[in-house]
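Commentary on secondary and tertiary structure
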Amino acid sequence: MADVKKKIEDWMVRVSFAEAGAAHAQTSAPYLFHNPGLSATQICFTFAGNIWLAPRAGGVAHRLTGSIPGGDDDCAFSPDGRWAWTGSWDRTAILWDVASGRMVRKLEG
């Protein structure tokens, strides 16, 4: 059963990434999605220096971050999926309210 669940989750991640790439295609270059984080309902991933959110069941991705110096590189959800942390190469971490997309706190260091 765990193997079937893993295959389904892998398929959903691929579908969400494909939809994000199609929705935001800028060039014919390959898309590189990396550092995914999973909650019960969302997937967060890095693409083009920003963090994107997509429904885990599949659907259109939307950008959570943008215009943040240093480029976002990683994301993780709180256990309840309400909050997301993002990290950047410029040594900042930002706490986001997933439902509203609002920045809650920024830590620098």
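Residues numbered from 1 in each chain as written. Predicted model: local features only at pLDDT ≥ 70, side-chain atom pairs only at ≥ 80, totals over all residues. Heavy atoms only, no water.

1. Some remarks on the overall build of the chain
- Each helix and strand in the chain was counted, giving one helix and eight strands.
- Going from the N terminus to the C terminus, the chain shows its helices and strands as α-β-β-β-β-β-β-β-β.
- Scored against the burial criterion, the 109 residues of the chain give a buried share of 38%.
- Restricting to contacts in the chain with at least 6 residues of sequence separation, those with at least 24 account for 26%. (Helix = DSSP H or I, 4+ residues; strand = E, 2+ residues; numbered from the N terminus. Buried < 20%, exposed > 50% of the residue type's maximum accessible area, 1.4 Å probe, protein only. Contact = heavy atoms within 4.5 Å.)

2. Examining the pairing of strand β6 (residues 83-88)
- Taking every second residue as pointing to the same face, the buried face of β6 carries Ala84, Thr86 and Ser88, while none of Trp83, Trp85 and Gly87 on the other face is buried.
- As defined by bridge partners, β6 adjoins strand β7 (residues 92-97) across five bridges and the pair is classed as antiparallel. Bridged to tryptophan 83 within β7 is aspartate 97.
- The antiparallel hairpin formed by β6 and β7 contains three residues in its connecting segment, where arginine 91 sits at a positive phi of about 70°. (Pairing = 2+ DSSP bridges.)

3. Quick notes on the side chain of threonine 86
- Locating threonine 86 in the fold gives a position in strand β6.
- Within polar-contact distance, the side chain of threonine 86 engages the side chain of tryptophan 96 at 2.9 Å. (Polar contact = N/O pair within 3.5 Å; in protein donor to acceptor, adjacent residues only side chain to side chain.)

4. Observations concerning the pairing of β7
- The buried fraction of β7 is high, at five of six residues.
- Taken together, the six bridges between β7 and strand β8 (residues 102-108) define a ladder with antiparallel strand orientation. When the sheet's bridge partners are listed, isoleucine 94 is paired in β8 with lysine 106.
- Counting the residues that bridge the hairpin from β7 to β8 gives four residues, and of these glycine 101 lies at a positive phi of roughly 75°.

5. Quick word on the environment of isoleucine 43
- Among the structural elements, isoleucine 43 can be located in strand β2 (residues 42-47).
- Sequence spacing of isoleucine 43 and glycine 58 is 15 residues, and the spatial spacing of their C-alpha atoms is 9.3 Å.

6. Details of the side chain of serine 39
- Along the polypeptide, serine 39 turns up in the loop between β1 (34-38) and β2.
- Take serine 39: its relative accessible area is 6%, and that puts it in the buried class.
- At 3.2 Å, the side chain of serine 39 forms a polar contact with the backbone nitrogen of threonine 41.
- The contacts of serine 39, once residues within four sequence positions are left out, are Arg56, Phe77 and Gly81.

7. Describing the nonpolar core
- Counting 10 residues, the largest nonpolar core consists of Cys44, Ile51, Leu53, Leu64, Cys75, Phe77, Ala84, Ile94, Trp96 and Val98.
- Aside from chain neighbours lying at most four places away, what touches leucine 64 is Ile51, Trp52, Leu53, Ala84, Thr86, Trp96 and Gly101.
- Of all hydrophobic cores here, the second largest spans six residues; its members include Ile43, Phe47, Ala54 and Ala61. (Core = buried A, V, L, I, M, F, W, Y, C linked by side-chain atoms within 4.5 Å.)

8. Points about the confidence of the model for the chain
- For the chain, the mean per-residue pLDDT works out to 74, and 63% of the residues sit at or above 70.
- Within the chain, the lowest mean pLDDT, 52, falls on helix α1 (residues 2-23), and the highest, 91, falls on β8.
- Predicted confidence is poor over residues 22-29, with pLDDT under 50, and the contacts of this stretch with residues over four places away or in other chains come to four contacts. (pLDDT = per-residue confidence, 0-100.)

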